[in-house]
Amino acid sequence: MTSGAGGSVGDPVLAALDQAAAAHRARESEWRAHQTATEEALREAQAALEAEEAEWTAARARLEADLAMERAQAERHRHRAECLERALREIHGALFSGDVYALILRACLTITQATRGVYVTSAPGSERLRVRAAMGITGMELGDASPTIAALCRQVLESGETLVSNDGRPEGIPAPAKAEQFRNFVAAPVVLMSDLHGVIIAGDRESGEFDHQDVDSLLAVGDQAAVAVRNRRLERELQRAYLSTVSMLADAMEAKDPSTHGHCEMASRYARMVAERMELPSHELAVVCYSALLHDVGKIGVSDGVLNKPGPLLPEELELVRAHVRVGHDLLITVPALGPVADVVLHHHEWYDGSGYPDGLRGEEIPLAARIVSAVDAYCAMMTRRSYKEAYTADHARAELERCAGTQFDPRVVQVLLEVLDDPRAEDQDDDFDAECGLLPSFVPLAERGELAGITFG
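Residues numbered from 1 in each chain as written. Predicted model: local features only at pLDDT ≥ 70, side-chain atom pairs only at ≥ 80, totals over all residues. Heavy atoms only, no water.

*Asks:* With reference to specific residues and values, describe the packing of aromatic side chains.
*Replies:* Taken as a whole and judged by the stated rule, the model has two aromatic pairs. Between Tyr270 and Tyr379 the ring centres are 6.0 Å apart and the planes differ by 65°, which places this aromatic pair in the edge-to-face class. On the criterion of sequence distance, the pair formed by Tyr270 in helix H5 (residues 263–277) and Tyr379 in helix H11 (residues 368–382) is long-range, its members being 109 residues apart. With respect to burial, Tyr270 and Tyr379 carry one shared label: buried. Here Arg269 stacks its cationic end above the ring of Tyr270, 5.5 Å away from the centre of that ring. (Phe/Tyr/Trp six-rings, centres within 6.5 Å; stacked < 30°, edge-to-face > 60°. Helix = DSSP H or I, 4+ residues; strand = E, 2+ residues; numbered from the N terminus. Buried < 20%, exposed > 50% of the residue type's maximum accessible area, 1.4 Å probe, protein only. Lys NZ or Arg CZ within 6 Å of the ring centre and 35° of its normal.)

*Asks:* Give a description of a negative patch on the surface that names residues and reports values.
*Replies:* A surface patch of like charges, here negative, comprises Glu50, Glu52, Glu53 and Glu55. Along the chain, Glu53 turns up in helix H1 (residues 10–93). (Patch = residues over 30% accessible without salt bridge, like charges linked within 9 Å, V, L, I, M, F, W, Y side chains within 5 Å. Areas by Shrake-Rupley, 256 points an atom, 1.4 Å probe, with all protein chains shown as cover. Salt bridge = Lys/Arg side-chain N within 4 Å of Asp/Glu carboxyl O. Lys, Arg positive; Asp, Glu negative; His and termini not counted. Charge placed at Lys NZ, Arg CZ, Asp CG, Glu CD.)

*Asks:* Residues and numbers for the packing of helix H9 (residues 324–332) against helix H10 (residues 339–347), please.
*Replies:* Describing two packed helices takes the angle between their axes plus the distance from one axis to the other. Where H9 meets H10, the axes come as close as 8 Å, and the angle between the chain directions of the two elements is 175°. Put simply, H9 runs roughly antiparallel to H10. For the pair H9 and H10, the contacting residues are Val325, Arg326, Gly328, His329 and Leu332 in the first and Val341, Ala342, Asp343, Val345 and Leu346 in the second. Looking at the contact of H9 with H10, its residues break down into six nonpolar, two polar and two charged. (Axes fitted to C-alpha atoms, helices over the stretch in contact; angles between N-to-C directions. Parallel < 35°, antiparallel > 145°, perpendicular 65-115°, else oblique. Contact = heavy atoms within 4.5 Å. Nonpolar A, V, L, I, M, F, W, Y, C, P; charged D, E, K, R; others polar.)

*Asks:* An account of the confidence of the model for the chain is needed here, citing residue identities and associated values.
*Replies:* Segments scoring low in pLDDT should not have their predicted coordinates read at a detailed level. When pLDDT is averaged across the chain, the result is 76; 69% of the residues are at 70 or more. Within the chain, helix H15 (residues 446–452) has the poorest average pLDDT of any element, 37, and helix H13 (residues 411–421) the best, 95. Taken together, the stretch residues 444–458 has pLDDT below 50 and engages in 15 contacts with residues farther than four places along the chain or on a different chain. (pLDDT = per-residue confidence, 0-100.)

*Asks:* Break down the environment of Glu265 for me, with residues and values.
*Replies:* Looking at where Glu265 falls in the secondary structure, it is placed in helix H5. Taking the C-alpha atoms as reference points, Glu265 and Ala292, separated by 27 residues in sequence, lie 7.7 Å from one another.

*Asks:* Mind laying out the pairing of strand S2 (residues 129–135), listing which residues take part and the relevant values?
*Replies:* Counted residue by residue, S2 has five buried out of seven residues, so it is predominantly covered. Inspection of the sheet shows strand S1 (residues 114–122) paired to S2 by six bridges, in the antiparallel sense. Each residue of the ladder has a partner; that of Thr121, found in S2, is Arg130. (Pairing = 2+ DSSP bridges.)

*Asks:* Tell me about the packing of helix H6 (residues 282–294) against H10, and please be specific about residues and values.
*Replies:* One can describe the packing of H6 onto H10 by two numbers: an axis separation of 9 Å at closest approach and a directional angle of 55°. The orientation of H6 with respect to H10, classified from their angle, is oblique. Of the two elements, H6 crosses H10, and the hand of that crossing is right-handed. Contacts from Val287, Tyr290, Ser291 and Leu294 of H6 reach H10 at Pro340, Val341, Val344 and Val345. Its residues assigned to classes, the contact of H6 with H10 comprises seven nonpolar, one polar and no charged. (Left-handed = near helix turned anticlockwise from the far one by under 90°.)

*Asks:* Describe the pattern of salt bridges, and please don't skip the residues or the numbers.
*Replies:* According to the stated counting rule, one finds twelve salt bridges in the structure shown. Across the pair Glu28 and Arg32 runs a salt bridge, and its minimum N-O distance is 2.6 Å. With Glu28 and Arg32 both in helix H1 and four residues apart, the pair spans about one turn of that helix. Exposure remark for Glu28: the relative accessible area of 29% places this residue in the partly exposed category. Accessibility expressed as a relative area gives 47% for Arg32, which makes it partly exposed. One salt bridge connects Arg398 with Asp422, and the closest N-O pair in it is separated by 3.0 Å. Of this pair, Arg398 sits in helix H12 (residues 394–404) while Asp422 sits in the loop between H13 and helix H14 (433–437), and the two are 24 residues apart along the sequence. Assessed through its relative accessible area of 54%, Asp422 is described here as exposed. Linked by salt bridges that have partners in common, Arg277, Glu419 and Asp423 make up one network.

*Asks:* Mind laying out H12, listing which residues take part and the relevant values?
*Replies:* Listed as buried for H12 are Ala397, Glu400, Leu401 and Cys404. Mapping the buried residues of H12 onto a view down its axis gives an arc of 100°, with all of them on the same face. Residues of H12 that are exposed and angled more than 90 degrees away from the buried face: Asp395, Glu402 and Arg403. Taken together, the buried residues of H12 touch H11 and H13. (Arc of directions from axis to C-beta.)

*Asks:* If you had to explain H10 to someone new, which residues and values would you point to?
*Replies:* Restricting attention to buried positions, one finds in H10 the residues Val341, Ala342, Val344, Val345, Leu346 and His347. Of the surrounding elements, those touching the buried residues of H10 are H6, H9 and H11.

*Asks:* Explain the nonpolar core to me, using residue names and the numbers behind them.
*Replies:* The nonpolar side chains of a soluble globular protein tend to be buried, and buried together. Core analysis: the largest hydrophobic core is formed by 37 residues, its most contacted members being Tyr270, Val274, Ile372, Val376, Leu401 and Leu417. Of all the secondary structure elements, the ones that give two or more residues to this core are H5, H6, H11, H12 and H13. When residues no more than four places from it in sequence are discounted, the contact partners of Leu417 are Val274, Ala375, Val376, Tyr379 and Leu401. Within the second largest apolar cluster, 20 residues are counted, among which are Val131, Ala145, Ala150 and Ala151. (Core = buried A, V, L, I, M, F, W, Y, C linked by side-chain atoms within 4.5 Å.)

*Asks:* Provide a residue-level description of unusual backbone geometry, including the pertinent values.
*Replies:* Excluding glycine, residues mostly carry a negative phi; peptide bonds, for their part, are mostly trans. The omega torsion of the bond from Tyr357 to Pro358 falls at 10°, within 30 degrees of zero and hence cis. Summarising the element assignment, Pro358 is placed in the loop between H10 and H11. Unlike most non-glycine residues, Asp204 shows phi in positive territory, near 55°. Here Asp204 is to be found in strand S6 (residues 195–205). We note that Glu279 has phi near 60°; this positive angle belongs to a residue other than glycine. Mapped onto the elements of the fold, Glu279 is located in the loop between H5 and H6.

Right, dumping it as structure tokens:
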């Protein structure tokens, strides 16, 4: 069809359709652009949400890590506090067992997580430094400190300050023996009655380095250690006063025969070392030690003429001498704390084969403490000049011990005594026998002493 003007009637329609199609394409393009923008916005929002969630997760992880660290630190503090409390209770409780130094050192090692250590004491006005306890140090014995340990302790004693070394190489210290080398260590002073009393060294911490908390813990233990040591000394002074009357009797007995001067203290030192080597409990060791000191106290009742007679004794005189064990027993049994000692004094002349006196006991029937005192007393007597004999040589005295093992003496005690005599410390007469003997088990009932000291045992 054509129009009158000569144009096609379909042109407007086509044009309208083209316009409609163009508009549709434009709207479609606009919609697609909007959709693309929306999707991009969604992706950005999702990414932001994921980033925020990741940051929150990381923050939560950091918080949980911080909480775990705080819990672990709190647990360490709690454990340290429990160890400190338990250690201090044990230290004060050791007042009654005499093993203060070892418990103090063990407490310091536990609290600081150290694996090795040493407790060294110094005497006022003396250059001597003595090892009182050592743990984890191969070959270190109680007694004089080695040059390395002594030099380290003198640094602490002269400065009065705690020394911490996390590389184990302090300045001005002699090269240590291998057993005395520490990877790291802390050395703290112990102050007793305003005076420096000694040094505690804790070394080779299990993990990490020593820090200020370890120093504070050692100083706290050191303060309580000083109190415990002071209390221990006071109790020993009381015990010494309690025993002074009996000791004066022993001295008076020795005064009757000047040739026996020092015999009882020498016997006490050897007897203590035998008891230690036989690993007797501390209370039994104390009984052995004091029994050897007082074993001849009954001779106060024997006349000088009989004691100092140069020739053989008559039967009546022999009976008088043998009676000294019962006299000594009867003297000591009147002192409540000396009951176990009195029993040893009574039986220290029993023979292992049953032919001794006063009761003819044999073998294991004889108290072990009496068997120890018997052998030690005989050796010391052989080594001393008496009115009726000259002093034996050491070889002769040893041979007599071995010859009489199984008849007069317990063979096991003889073997240990011979080992003690080979120990150079056996001749160290610088020790205070009272300090080394420890506390008698029946000196004061434990519960009463705990009550008097204001200590409650759990």
